[in-house]
Amino acid sequence: MIPNGHSSIAGLAAVLCALAAPPGSAQQAIFDGTTLTGWDGDPAFWRVEEGAIVGETRADKPLKANTFIIWRGGTTRDFALRLEYRMSTSNPAGNSGVQFRSALLPDAGRWVMKGYQADIDAADAYTGQIYEERGRGFLARPGQAVRVAADGQLQPLGWVAQPDVVKSFMKKRDWNELQVVARGNVIVELVNGHVTSLLVDDDERRDKDGLLGLQLHAGPPMKVEFRNIRLTGADSFPTSPAHADWLTDGGNPQRTAWQRDETVLTTSRAKDIRLLWKITLDNAPREMHSLLPALVVGRVDTREGPTQVVVVTGVSDNLYAIDAGRGVLLWKKRFDHSSLGDTTPRSGLMCPGGITATPVIAATTVPGRYTIYAVSWDGTLHQVNVADGADAAPPAKFMPPNGKPYALNLWKNVIYTHTAQGCGGHPNMVYSYDLATGRVGSWGPAGGGMWGRTGPAISSKGIMYTGTGDGPWDPERGIYGNGIIGVQQNPTTKALELADYFAPSNAEWLFKRDLDMQVTPAIFAYKTRELMVSAGKECRVYLMDTESIGGDDHRTPLYRTPLLCNEGVNFASAGIWGALSSWVDANGTRWVLAPFWGPKHSRFTAPVEHGDVENGAIAAFKLEERDGGLQLAPAWISRDMSRAEPPVVANGIVFAYGSGESTTQATPELGLRANQSEVRIKNSTHAVLHALDGQTGEELWSSGAQITSWNHWAGLSVANGRVYLGTFDGTLYCFGISP
């Protein structure tokens, strides 16, 4: 089998051949013989015909550069590949090959690859050799055994067969079997059962993992066919295993923070979560703000082919798109705010300037294409293509500049948001933008500001709900502080109109104690009803029916919990902040999750508790029918967390984190001067991400000290086996299950 070869070479080749699994159940057929499902190539040159993938160029359809069809089902690290190929001899110079451990070159074209190649040609001058496309070129020619040294120098080791003998293995105008086996730094190639080349690659620059593809060479018209493509390799894994999205802050327009499409993350595998990658972006923080919550599109049609893309917003008017699989930057866009300038006066910690509203993403009518809707510092609405950062439509005026809008929500072609803190000297308002007409609606006033962390929640009837923040409650005068308002677009005029409102029975007392109702609600279906939960700094959860959130008197919810925390009536570092979450388990039980800051109330208990709570925790409730009504029954309380932030839920796992932020707003020494960015930044520590069992609250995994910074008003996102969190220092962390 290996004439004229050294015994050591023969032995190595024999071992590798033995590792190549024979046809059978252990091998994965990666081409179905009928369609190009799982493959990505230029349809002008690739097709399926008579059970084979066919690549063909014609005189009227030439190629200026090599093109490839890429297998999108996984990557190749240590593997055994077996396929059959047939080359047309009508063009004696016809050339093709099989790429492995390869990468895409998007700057050179959408379907351009570089990396290892098992070469094929019509004249069989190169067939059987190991080549590197757009790289080091010829590595092991037909019949050769070669070592590439650490410095890239080629060192001949001998012969596995003489070139003329290798050529005799080939069948003209017929099907040939090609095998490639790779283990670590050793690669062996076989044609029709004979070893044709062997490579020992010790080059420090070599690629250890990468994509698999088939080549169609530029030049005169040619045709190549591939069939019976089978792959064995424990390290092969889906590059796009699922296509779950996280297109808006809170996961959906109802703001439940529940990722319903997750399949990779499970409670049994949570222990295997690790840091997959992190990337530090060049966004400059403003006051305590830095990165906003990540958005995820599971499958975007980019120049590199279908890609899972993470979109992150930086407060300094920056948008970033990141490849979720590799953790590399795809593009960056900075919005022009030259009319405002970076020297625009700020109003302290509460009004940082810049972009403060998490964008929202929507699919277009073209499959694989998505649009980002974002509001920049100057109040302009931008529409941006997810694939490349290009403008999808001209910018449009939406709201006054220098305000502080919160996360955008999109419902039936209308974008909603609200503002807070009177930033830029503007009143706190609800805003809508009708994408079909370009008309803007607004409504206000509503207390001290609507600053629910994930923006407004929207019901099935298109009513936008939000907490109104600290302020007087006087609905007869049109003032709705310390309550919840529901606002709806008039379908004819596109104006916003008040649809419903609610205030706790002690709203006036809450105003005196600065205990805002400022939490983003969560809306969900329950049997024949649509329910909503919300909360505030007093530290109670309210359950409401969206048909009438406060009953006839606008002050009577379906149910309110006892106090969870804030026994000391603290206006700053205690209470429920941010947003609530809700999900349904496999048994049909509806759960509600509330993050709170500070110690647990001494009289609040749950059947399952995980230690003393001093700094914050997650409280979980089950929705139950009791005594003719609905109640939120305490189920568990998590471990202590340093300022527990709004959780997200995926496949029975509750992901929560302590932000590590210093939330102290007043001290005996500094008084309210303690509520300044420089003071709080100095006293902040680092965030810790936790994975909890959704049934019991038991900690399944923790990031420990891996996150080295903290965050303020950021949040979690989860999709396709990965959890994302940004921090004050501009770093986006990606944790998940290792492939």
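Calculation notes
Residues numbered from 1 in each chain as written. Predicted model: local features only at pLDDT ≥ 70, side-chain atom pairs only at ≥ 80, totals over all residues. Heavy atoms only, no water. Helix = DSSP H or I, 4+ residues; strand = E, 2+ residues; numbered from the N terminus. Rg over C-alpha atoms; globule rule 2.2 N^0.38 Å. Buried < 20%, exposed > 50% of the residue type's maximum accessible area, 1.4 Å probe, protein only. Contact = heavy atoms within 4.5 Å. Areas by Shrake-Rupley, 256 points an atom, 1.4 Å probe, with all protein chains shown as cover. pLDDT = per-residue confidence, 0-100. Pairing = 2+ DSSP bridges. Axes fitted to C-alpha atoms, helices over the stretch in contact; angles between N-to-C directions. Disulfide = S-S within 2.5 Å. Salt bridge = Lys/Arg side-chain N within 4 Å of Asp/Glu carboxyl O. Polar contact = N/O pair within 3.5 Å; in protein donor to acceptor, adjacent residues only side chain to side chain.

A.B. asks: Quick question: what am I supposed to make of the overall build of the protein chain here?
C.D. replies: Helix and strand content of the protein chain: four helices and 54 strands. The globule rule puts the C-alpha radius of gyration for 739 residues at 27 Å, and the 30 Å found for the protein chain is close to it. Structurally, the protein chain occupies a C-alpha span of about 95 × 55 × 55 Å along its principal axes. In the protein chain, which comprises 739 residues, the share counted as buried stands at 60%. For the protein chain, contacts bridging at least 24 residues in sequence account for 61% of all contacts bridging at least 6. Looking at the protein chain as shown, the accessible area adds up to about 27300 Å², and 50% of this sits on carbon and sulfur atoms.

A.B. asks: Would you mind going over the confidence of the model for the protein chain with me for this structure?
C.D. replies: In regions of low pLDDT, the predicted coordinates are not meant to be interpreted in detail. Mean pLDDT over the protein chain works out to 91, with 94% of the residues at or above the 70 mark. Confidence drops under pLDDT 50 across residues 18–25; counting only partners more than four residues distant or on other chains, this segment forms 13 contacts.

A.B. asks: Whenever I open this one, the sheet that holds strand 8 (residues 113–121) confuses me. Can you help?
C.D. replies: Hydrogen bonds between backbone groups are what pair the strands of a sheet, and the pairing can be parallel or antiparallel. Spatially, seven strands are ordered 2-5-16-7-8-9-10 in an open sheet, and the strand pairing comes out antiparallel. Pairing within the sheet leaves two strands with one partner each, and these edge strands are strand 2 (39–40) and strand 10 (137–140). Summarising the sheet, strand 7 (residues 95–104) and strand 16 (residues 210–216) pair through five bridges and their orientation is antiparallel. Among the inter-strand pairings, Q99 is bridged to a residue of strand 16, identified as G213.

A.B. asks: What is the right way to look at unusual backbone geometry in this model?
C.D. replies: For residues besides glycine, phi is generally negative; the peptide bonds are generally trans as well. For D317, which is not glycine, the phi torsion reads 65° and is therefore positive. Along the chain, D317 turns up in the loop between strand 21 (305–314) and strand 22 (318–323). Relative accessible area serves as the criterion here: at 0%, D317 is assigned to the buried category. Even without glycine at this site, V569 takes up a positive phi of about 50°.

A.B. asks: Where do I start with the pairing of strand 54 (residues 731–737) in this structure?
C.D. replies: For a regular strand, side-chain orientation follows a simple rule: the groups alternate between the two sheet faces. The element strand 54 is extensively covered by neighbouring structure, given that seven of its seven residues are classed as buried. Taken together, the seven bridges between strand 19 (residues 273–280) and strand 54 define a ladder with antiparallel strand orientation. Bridged to I273 within strand 54 is I737. Judged from the five bridges that link them, strand 53 (residues 722–726) and strand 54 form a sheet pairing that is antiparallel. What sits directly across from V723, in strand 54, is F735. Hairpin remark: strand 53 followed by strand 54, antiparallel, with four residues in the connecting loop; positive phi at G730, about 85°.

A.B. asks: Before we go on, may I ask you to explain the sheet that holds strand 27 (residues 391–397) in this structure?
C.D. replies: Strand order in the open sheet formed by four strands is 24-25-26-27, with antiparallel pairing between adjacent strands. Every other strand in the sheet has two partners, leaving strand 24 (360–363) and strand 27 as the edge strands with one partner each. On average, adjacent strands in this sheet sit at an angle of 15° to one another, irrespective of strand direction. With five bridges connecting them, strand 25 (residues 370–375) and strand 26 (residues 380–385) associate as antiparallel partners. Pairing of I372 across the sheet is with V384, part of strand 26.

A.B. asks: Explanation requested: the state of the cysteines in the structure shown.
C.D. replies: Formally, a disulfide is one covalent bond, and it connects the sulfur atom of one cysteine to the sulfur atom of another. By the definition in use, this model includes two disulfides. Counting only the cysteines that take part in disulfides, in the order they occur along the protein chain, gives the pairing 1-2, 3-4.

A.B. asks: Where do I start with the pattern of salt bridges in this structure?
C.D. replies: With the rule as written, the count across this model stands at 34 salt bridges. Between K332 and D282 there is a salt bridge, with the nearest N and O atoms lying 2.8 Å from each other. Remark: D282 occurs in the loop between strand 19 and strand 20 (295–302) and K332 occurs in strand 23 (residues 328–334); sequence separation between them is 50 residues. Residue class for D282 comes out exposed when judged on its relative accessible area of 52%.

A.B. asks: What exactly am I supposed to notice about the side chain of T419 here?
C.D. replies: Assignment of secondary structure puts T419 in the loop between strand 29 (414–418) and strand 30 (430–434). We classify T419 as buried; its relative accessible area is 8%. For T419, the side chain forms a polar contact with the main-chain nitrogen of M429, separated by 2.9 Å. Once you skip the residues sitting within four places of it in the chain, T419 turns out to touch M399, K404, P405, P427, N428, M429, Y431, G449 and M450.

A.B. asks: Sorry if this is basic, but what is going on with the pairing of strand 36 (residues 484–489) here?
C.D. replies: Of all the six residues making up strand 36, five are buried; the element is thus mostly covered by neighbouring parts of the structure. Pairing geometry for strand 33 (residues 464–467) and strand 36, over four bridges, is antiparallel. Residue pairing for strand 36: G467 is matched across the bridge by I484. In this structure, strand 36 lies alongside strand 37 (residues 496–502), joined through six bridges in antiparallel fashion.

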